[in-house]
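Structural features, examined
Now for the letters of each chain:
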Amino acid sequence: DYQPNQIARGLATKQTNTIGLVVPDNTNPFFAHIARGVEDQAFESGYNIFLINTSEDPIREQKALDSLRGKGVDGLILCSPRLPDSRLKKEIEYFSASVLFNRELKEPHASTISITLNDHRSGELAVEHFVNHKRKMIAYINGPATSHSGQKRLEGFKIGLMKAQIPFNEQLVKNSAPDTKSGYNSAERLLTANPDIDAIYAFNDLVAVGAMLYCLEVGKRVPKDIAIIGNDDIPLAVMIRPKLTTMHFNENYIGSLIMHTLLEILNGANSPRSILIEPKLHIRESA
């Protein structure tokens, strides 16, 4: 029944067979599925995972990185980090290998690979779909102001409007926490001020569902009166009625890819400095 002391073994081998995984919200099914993909791939490769949730808070994110550094993890997976670029660059230098998900460094780092979603394309695709269905007053409920994904989706949203020759109106954009309640509240503010809105693009599916609930509550028919598109394609998207049209990403695959890429860095394999994952618009009933 002998069990080796992993801390002592790590001191001797300088390897702990542990990986730090930091996510902004472990209650969001998108990140929960990514974490599952990471954990499954890690288990097959003989690694254990330290999972830390930051609740979208840069201070908690900083403390999470401090904790993982103290534990001597072999590598770091940091999902949608909220730290500013200068601080983030300094922090990852403490880790021998790291993968950033949905964030890129301005300057490449030798032991860091970025895996990102093509958020520009997501915003553009949503607007294209709305325009093709004769929607002209299109709003965007964005994520937190610190979200780099949200900023990129907004840029794509603007490009889509420009291509359709629809003027961008900043009054039709609201920042929101990435949850259902905030989506509901943001939709209420938008539609109270602009009752003629006929389409809403949402930062994620939770926000989209909140917006849809508000619309249905005040008697707006979805999609006849107002069309709604989300992001992530979480299981809730097909449970709600009408079913949610959304940008699809395979979260389990992404998690597995993240862990596999980190292992390549640890094993000294040559890998691209960045990997871009394209969205697919899953058209259902809401738009």
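Throughout what follows, the structure given in this document is the object of discussion. (Residues numbered from 1 in each chain as written. Predicted model: local features only at pLDDT ≥ 70, side-chain atom pairs only at ≥ 80, totals over all residues. Heavy atoms only, no water.)

1. A look at the environment of leucine 216
This is how the line gets drawn: Secondary structure counts use DSSP, requiring at least four H or I residues in a row for a helix and at least two E residues in a row for a strand, with both numbered from the N terminus. Throughout, a residue-residue contact means that at least one pair of heavy atoms, one from each residue, lies within 4.5 Å.
Note that leucine 216 resides in helix α8 (residues 205-217). In the structure, leucine 216 is positioned 59 residues away from phenylalanine 157 in sequence and 24 Å away in space, judged by C-alpha atoms. Beyond its immediate stretch of four places on either side in the chain, leucine 216 contacts Val222, Arg241 and Pro242.

2. Details of the pairing of strand β1 (residues 18-23)
Definition in use: Throughout, exposure labels follow a simple rule: accessible area from a 1.4 Å probe, protein chains only, divided by the maximum for the residue type, with under 20% read as buried, over 50% as exposed, and the rest as partly exposed. Should DSSP find at least two bridges between two strands, the strands are regarded as paired. The handedness of a crossover follows from its direction of travel: if, with the strands pointing away from the viewer, the path from the first strand over the helix to the second runs clockwise, the crossover is right-handed.
The buried count for β1 comes to six of six residues, which makes it a mostly enclosed element. Because side chains alternate across β1, one face comprises the buried residues Thr18, Gly20 and Val22, and the other comprises Ile19, Leu21 and Val23, equally buried. With six bridges connecting them, β1 and strand β2 (residues 48-53) associate as parallel partners. By the bridge assignment for β2, valine 23 is matched with asparagine 53. Each parallel crossover has a hand, and for β1 linked through helix α2 (residues 29-44) to β2 it is right-handed.

3. Re the sheet that holds strand β10 (residues 245-248)
Here is the rule we go by: Each axis is a line fitted through C-alpha atoms, taken for helices only over the stretch in contact, and angles between the N-to-C directions span 0 to 180 degrees.
Spatial ordering of the open sheet is given by β7-β6-β8-β9-β10-β12, a layout of six strands whose pairing is mixed. With one partner strand each, in any of the chains shown, β7 (173-175) and β12 (280-282) form the two edges of the open sheet. Averaged over neighbouring strand pairs, the angle between their axes works out to 20 degrees when direction is ignored. When strand β6 (residues 138-142) meets β7, the two strands line up parallel, connected through three bridges. Across the sheet, isoleucine 141 pairs through a bridge with lysine 174, a residue of β7.

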